[in-house]
Amino acid sequence: MKFVQKNDCIENTYNEGIKDFDYISIITKEKYNDGVTVRVKCSFDKFGAPLIVFTDDYKQLEDGTYQYGLHFEVVAYEGGCNVWHIVPGKEEKNPIDVTKVNAIEFPIEDKSMIDMEVTIRDKKMFIRVNDQSFVAEHEEIPNQMHVGITACEGINQFYEFEVE
């Protein structure tokens, strides 16, 4: 599972080995403080969910891959933007427990450029996706965090990633 480098972006692919699209992330080694802003320019083909991820909880597994513990996802998709709080599940059949923190509905056309920006301040996420803005709040948002991007649910392209 690796992103594929294209001329103007990176992109995930369909994985024949798992008969599904690769769910893959790039995350900073550096931790950023409360007040961080992340900007991403991305798109998806037909059906997809490019996202910005925030966590202070991940570990390397025996096979060399990494796994998130507690993390938050700000996800663009064809119906708008969802914000998820995700933690490891307590049961083997449910590897993660997912809770929707907030959402905003508006259409996003496939293959269109999506401009996402998230600022974390005082346990709140100030979110802008294209010209739509909203706030999501959660007491478990960390004060210091790694930030990154994830390709989820289809083919996703990432053109720019900026941390301020």
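Just so you know, these numbers come straight off a predicted model, no measurement behind them.

1. Thoughts on the sheet that holds strand S14 (residues 114–121)
Thought 1: Sheet architecture is open: 7 strands sit in the order S1-S2-S18-S7-S14-S15-S16, paired in antiparallel fashion. Of all strands in the sheet, those with a lone pairing partner are strand S1 (4–5) and strand S16 (132–137), marking the two edges.
Thought 2: Of the strand pairs in this sheet, strand S7 (residues 37–44) and strand S18 (residues 156–163) are connected by 7 bridges, and their pairing is antiparallel. From the neighbouring strand, Phe-44 faces S18, where its bridge partner is Asn-156.

2. Concerning the pattern of salt bridges
Thought 1: With the rule as written, the count across this model stands at 9 salt bridges.
Thought 2: Ionic pairing is found between Glu-117 and Arg-39, a salt bridge with its closest N-O pair at 2.8 Å. Of this pair, Glu-117 sits in strand S14 while Arg-39 sits in strand S7, placing them 78 residues apart in sequence.
Thought 3: Among the charged side chains, a network of salt bridges with common partners joins Arg-39, Lys-41, Asp-115, Glu-117, Arg-128, Glu-162 and Glu-164.

3. Thoughts on the side chain of Thr-37
Thought 1: Within the element layout of this structure, Thr-37 appears in strand S7.
Thought 2: Within the structure, the side chain of Thr-37 is placed 2.7 Å from the side chain of Thr-119, a separation counted as a polar contact.
Thought 3: Discounting chain neighbours no more than four positions away, the residues touching Thr-37 are Glu-117, Val-118, Thr-119, Glu-162, Val-163 and Glu-164.

4. With respect to the nonpolar core
Thought 1: Among the nonpolar cores identified, the biggest contains 35 residues, and Phe-54, Val-74, Met-125 and Ile-127 are the most heavily contacted of them.
Thought 2: For this core, the secondary structure elements donating two or more residues are S7, strand S8 (51–55), strand S11 (71–77), strand S12 (80–91), S14, strand S15 (124–129), S16 and strand S17 (144–151).
Thought 3: Dropping the residues within four chain positions of it, Phe-54 is found in contact with Val-38, His-71, Phe-72, Val-74, Val-118, Ile-120, Met-145, His-146 and Val-147.
Thought 4: Residues Ala-49, Leu-51, Tyr-68 and Val-75 belong to the second largest nonpolar core, which totals 6 residues.

5. Observations regarding a negative patch on the surface
Thought 1: The grouping of Asp-20, Glu-78, Glu-109, Asp-110 and Glu-153 at the surface amounts to a negative patch.
Thought 2: Here Glu-78 shows up in the loop between S11 and S12.
Thought 3: Assessed through its relative accessible area of 31%, Glu-78 is described here as partly exposed.

6. Regarding the pairing of S15
Thought 1: The alternating pattern of S15 places Met-125, Ile-127 and Val-129 on a buried face and Lys-124, Phe-126 and Arg-128 on a face that is not buried.
Thought 2: Here S14 folds back onto S15 in antiparallel fashion, the turn holding 2 residues, of which Asp-122 has a positive phi close to 55 degrees.
Thought 3: Of the strand pairs in this sheet, S15 and S16 are connected by 6 bridges, and their pairing is antiparallel. Looking at the pairing, Arg-128 lines up with Ser-133 of S16.
Thought 4: What sits between the antiparallel neighbours S15 and S16 is a turn of 2 residues, in which Asn-130 has the positive phi angle 55 degrees.

Cut-offs applied
Residues numbered from 1 in each chain as written. Predicted model: local features only at pLDDT ≥ 70, side-chain atom pairs only at ≥ 80, totals over all residues. Heavy atoms only, no water. Pairing = 2+ DSSP bridges. Helix = DSSP H or I, 4+ residues; strand = E, 2+ residues; numbered from the N terminus. Salt bridge = Lys/Arg side-chain N within 4 Å of Asp/Glu carboxyl O. Polar contact = N/O pair within 3.5 Å; in protein donor to acceptor, adjacent residues only side chain to side chain. Contact = heavy atoms within 4.5 Å. Core = buried A, V, L, I, M, F, W, Y, C linked by side-chain atoms within 4.5 Å. Buried < 20%, exposed > 50% of the residue type's maximum accessible area, 1.4 Å probe, protein only. Patch = residues over 30% accessible without salt bridge, like charges linked within 9 Å, V, L, I, M, F, W, Y side chains within 5 Å. Areas by Shrake-Rupley, 256 points an atom, 1.4 Å probe, with all protein chains shown as cover. Lys, Arg positive; Asp, Glu negative; His and termini not counted. Charge placed at Lys NZ, Arg CZ, Asp CG, Glu CD.

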